[in-house]
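Fold and contact review
Chain by chain, the residues run as shown.
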Amino acid sequence: MKRDDFIFTIGYQGGVAIIDGNAKKKNSGASYKELAEKGLYKAAYCAVLEAGDAAALDEFIAFFNERVSGRTYGKEDLSRLFGVYGIPEGIARTQIID
């Protein structure tokens, strides 16, 4: 699965990832910081997970807790909140919807 496909996935149906085509067109290639600044928190969280950078994850969590939530979330809390735990295995193709 390509980076931007994972970041803008809105759901799965079997082995198919459903992609938000409009969000992908507008924000393709954006960093997690840029996505977070635009209020695209789930996409920003996916970008951090995809990158696998622990420092970036800590930075995003701090940003989210300070500016958005008003409470203290950890990685597991954010995974539950956004419904994202990583790139799922078994995705055979993608479908873009507009």
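Here the structure is shown first, and the text comes after it.
In short, a report on the structure. (Residues numbered from 1 in each chain as written. Predicted model: local features only at pLDDT ≥ 70, side-chain atom pairs only at ≥ 80, totals over all residues. Heavy atoms only, no water.)

Some points on the overall build of the protein
What the protein contains, in helices and strands, is six helices and three strands. Reading the secondary structure of the protein in the N-to-C direction produces α-β-β-α-α-α-α-α-β. Since a compact globule built from 98 residues should have a radius of gyration of about 13 Å, the 13 Å found for the protein is in line with a globular shape. The principal-axis extents of the C-alpha atoms in the protein amount to approximately 35 × 25 × 20 Å. Out of the 98 residues belonging to the protein, those deemed buried represent 39%. Partitioning the intrachain contacts of the protein with sequence separation of at least 6 by distance along the chain shows that 56% fall at a separation of at least 24. Accessible area of the protein: about 5,700 Å², with a carbon and sulfur share of 48%. Both charge centroids of the protein, one from 13 positive and one from 14 negative side chains, sit 5 Å from each other. (Helix = DSSP H or I, 4+ residues; strand = E, 2+ residues; numbered from the N terminus. Rg over C-alpha atoms; globule rule 2.2 N^0.38 Å. Buried < 20%, exposed > 50% of the residue type's maximum accessible area, 1.4 Å probe, protein only. Contact = heavy atoms within 4.5 Å. Areas by Shrake-Rupley, 256 points an atom, 1.4 Å probe, with all protein chains shown as cover. Lys, Arg positive; Asp, Glu negative; His and termini not counted. Charge placed at Lys NZ, Arg CZ, Asp CG, Glu CD.)

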